[in-house]
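# Coordinates in review
Listed below are the residues making up each chain.
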Amino acid sequence: MSQQPNDGTPLLEVRALQARIDDKAILKGLDLTVMPGEVHAIMGPNGSGKSTFAGVLAGRDRAEVTGGSATLDGKDLLAMAPEERAVAGLFLGFQYPVEIPGVGNMYFLRTALNAQRRARGEEELDAVDFLGLAKEKMKLVEMDPAFMNRGVNEGFSGGEKKRNEVLQMAVLEPRLSILDEIDSGLDIDALRVVARGVEALRSPDRATLLVTHYQRLLEYIVPDKIHVMAGGRIVRTGGRELALELEKKGYAWVEP
Amino acid sequence: MTDANRELTEITEQKYKYGFVTDVAEDRIRKGLDEDIVRLISSKKNEPAFLLDFRLKAFRHWLTLEEPTWAKVRYNPIDYQEIVYYSAPKPRKKLASMDEVDPELREAFAKLGIPLEEQKRLSNVAVDAVFDSVSVATTFKKKLADMGVIFGSFSDAVREHPELVERYLGSVVPYTDNYFATLNSAVFSDGSFAYIPKGVRCPMELSTYFRINAADTGQFERTLIVADEGSHVSYLEGCTAPQRDQNQLHAAVVELVALDGAEIKYSTVQNWYPGDAEGRGGIFNFVTKRGKAMKRSKISWTQVETGSAITWKYPSCILQGDDSVGEFYSVALANHRQQADTGTKMIHIGKNTRSTIVSKGISAGHGQNTYRGQVKIMKGADGARNHSQCDSLLIGGHCGAHTFPYIEARNPTAQVEHEATTSKISEDQLFYCRQRGIKEEDAVSMIVNGFARQVLKELPMEFAVEAQKLLGMSLEGSVG
C-alpha cells in the first residue's frame, strides 16, 4: 500500500466515541489515537466495553453508535459497511471465531483475499499463487496444512481457531489489526505463535490494537502504548509499567 | 468426403430423421381429458397396440383416483379439463445472434458461467454448423451406437425398440402407482429412453443436452433407463439455465432398471420458473421417480431442486436384489413463496441391501421446505442398513423447514440410523465473512454452498460448478 508513514496522519483516530446496546450506554466518550507503526494494547476489566469497542470499529451492528467519530487513514470508518472497512485495511481477530461448515478454510481465505484485492482494483490471485502464499504463512503460525481443507473453524479447538485468525491476518496483511482477546484460552505455545504473527506484521505503515484482559500476552508482544479502559472510556495511558501495575493492584485500582 | 462435409450431411439427415414430421394441419388438440383424447394422442404418435392399451388402462384407473392431499403444499385446485394434453413440439424460432435473446436470460447465463456455444444452443441461436452441438451430438451418437447403447427420445424407442419398451415400461412405476404417475401414463407426450447393453460402461454422461429433439417435452415427460447386467451409466437431466413453460402442471415419470451388477447414476438440476416474489405463476412439478435395483446393483439419485412453485418429488429405490445399494442426495431450495415437499423412499427387500440418504433443505423468504422420507426394511432383508441425514438451513424469519421421516423395520437384523439438524445462517457467520471483505450476498451464497457441499460433490463436475452459482442466484434478495 502506498500510504506514507509518519506524515502525521494517525492510522486510527477515535474521538469522543459513544455507543449503546439496547438502552444501555457502553462507550461513553472514548478517545484513542494510533499512529502507523505502533502496537497498542487496551486492557480493562470485564464489562468495561473493550469488545464492544472492537466490534464498533469493525462495523458490527450489535451496538448503535450515538456520538463521536472514528477514522482510518482520515477516512470516516463509521460511514462504511463492514466489508468496506475490511477493504480499507481493518482486520478484526475474533474472540469467538465462528464455524462455517462445508466451506473450506483455504477457499474462504482466498475468497476473502480476492474480494479485497478486487475492491481495491488489484489483480486477483490464482489458485497456485494463493497456495504458495498460504503455505508460507501457515509455517509462520505452525499450522498443519490439513486444516486448510477442513471447513472454516469446523471442529477446531480453541487454540486452533485463534491460530487460524492469525493466519488470516497474516495473509490479508491489514493496515490495522484489532485482536480481541486473542490470548484467551491459549497455552504458552499458542501464545508464542500469536505473538510471532503480530511481530511479523509490525512495519512502519501498519498498526496493531490488542484488546486483552490479562497482561500475560504482553510478555510476548511489547506494545508501544497501553491503555486502560473502564466504564466505556480510556482512563489511563502509559507504557509497559502500567501493565505490571495492573497485574499487582488489579482493576479495582482504575475503576472510575 | 471431408470430415466436415460428412458431418454436415449427417446433420442434415439427422434433422430430417428426428425433426417432427406430421401430416395433420393442427398441432394442438382440444382441451380436456377423456378416452377419445387418450386414443387421439396414441394415434397421432402412431403407437403400437400395447402402448395404447397401457394408456387406456392408466386413464381408466385415473378416473377412480383422488388427487392426493397429504403433501405439505398448498395450491388452488387444478382443473384437469382445462388442460390441453397434446401439442406437438413446435420448432422454436431461430435467432440470428445472442443480441436477440432476452437480456434477463443473457444475464442469467453470464452469472452461471455457461459457455457461449451452449448459451446459443439453449436460446436457439444459429451456430456455425461445424461447431454446432448437433454435430458433437452426431459424433457422440455414433460412438454410443458402436457400443450398442440406445439413447434417444421415448417416441423413437417405441418405434425402433418396441420390445424393450413393452418389457420395461411400468415395471418400476406401474400405471396404478399414484394420481400423477397414472395421469402421466395416460397422456405422456415424450421423453428419453436409454438402454445400456450387458457389461458396457457408457463412455460419456448421457444428457438431454445431446438429444436433438429436446424441444418442449416438459409437461408430461416419460423417461425409461435400462442398465443391463454389469453395465454402468451416468445420466444428467435438466439444466441450470432458467426454464419457462406455458404449461403450469408438470407430471413426469422416470423409471430406472438396474439389472444384476449394473450401476445407474441419475443427476438432476431443476430450475423451472418458480413464480414471482408474491407467488404468482410458477410451475407445479409433480414427479414420480423410482428405480429398481437387482442383485449387486446400485442406483444413485442426486438432485438440485431450485425451481418450480411447487415441488412434489420422491426419487426412490426398490432394493430388490441381494447386496444392492441405493443412494439419494438432495438439495432443495425454497425461496419467496416456493413450496417443496421432497425426499425419497428406500425399500429394502434383498439381503444385505444398503441405502444412504443425504437431504439438505434450504428455506428463505416465505419458502416452505419439507423432507419426507420412508425407509422400509422388509422381512427378508437380513443385514439391511440405512443411514439418513436430513439437514435444514433457514434464512430469515418467515420461512419453514419440516421433516417427516418414516422408518419401518420388519427385520431384527436391520440397522437404521437417522440424523437431523436445523440451523440458521447466523448474524455472526455473516459478520465474520463481511469482516474479511466478502459482500453479504456472496457470504450467503458461500455459506449455503458449504451447507450443500456433501450433495453438490456428487454431481458431475461441470454441473456442480453451475449448480453452486445457481444456489447463490436463487437466493438473491433473500437477505438484507
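Structure first, text after, so check above.
Residues numbered from 1 in each chain as written. Chains lettered and ligands numbered in written order. Predicted model: local features only at pLDDT ≥ 70, side-chain atom pairs only at ≥ 80, totals over all residues. Heavy atoms only, no water.

So, on to the overall build of chain B. When you go through chain B residue by residue, the secondary structure sums to twelve helices and 19 strands. A separation of at least 24 residues holds for 84% of the contacts in chain B among residues at least 6 apart in sequence. Only carbon and sulfur atoms are counted for the fraction: they give 50% of the accessible area of chain B, which is about 20600 Å². (Helix = DSSP H or I, 4+ residues; strand = E, 2+ residues; numbered from the N terminus. Contact = heavy atoms within 4.5 Å. Areas by Shrake-Rupley, 256 points an atom, 1.4 Å probe, with all protein chains shown as cover.)

Residues and elements named next belong to chain B. For helix H9 (residues 179-187), a buried count of nine out of nine residues is recorded, marking the element as mostly surrounded by other parts of the structure. For H9, the full list of buried residues reads Tyr179, Phe180, Ala181, Thr182, Leu183, Asn184, Ser185, Ala186 and Val187. A distance of 2.9 Å separates the backbone nitrogen of Phe180 from a side-chain oxygen at the start of H9, and that oxygen is part of Asn178. (Buried < 20%, exposed > 50% of the residue type's maximum accessible area, 1.4 Å probe, protein only. Polar contact = N/O pair within 3.5 Å; in protein donor to acceptor, adjacent residues only side chain to side chain.)

Quick look at helix H10 (residues 427-435) of chain B now. With respect to burial, H10 of chain B is a largely interior element, seven of its nine residues being buried. Looking one or two residues past H10 of chain B, Gly437 of chain B carries a phi angle of roughly 105 degrees, positive in sign.

All names here are of chain A. Even without a glycine there, the phi angle at Asp73 is positive, about 55 degrees. Looking at the secondary structure, you find Asp73 in the loop between strand E4 (64-72) and strand E5 (75-76). With a relative accessible area of 16%, Asp73 lands in the buried category. In this structure, Glu173 is a non-glycine residue whose phi angle is positive, near 45 degrees. On the secondary structure map, Glu173 appears in the loop between helix H5 (158-172) and strand E9 (176-180). By relative accessible area, Glu173 is classed as partly exposed at 35%.

Residue and element names in this part refer to chain A. The mixed open sheet is built from six strands, whose spatial order is E6-E9-E10-E3-E11-E12. What marks the edges here is a single partner per strand, and that holds for strand E6 (90-93) and strand E12 (233-238). When the angles between neighbouring strand axes are averaged without regard to direction, this sheet yields 20 degrees. Here strand E3 (residues 39-43) runs beside strand E11 (residues 225-230); their pairing, made up of four bridges, is parallel. Its bridge partner being in E11, Ala41 is matched across the sheet by Ile226. Along the sheet face, H5 touches E6 and E9 and points at about 170 degrees away from the line of E6. (Pairing = 2+ DSSP bridges. Axes fitted to C-alpha atoms, helices over the stretch in contact; angles between N-to-C directions.)

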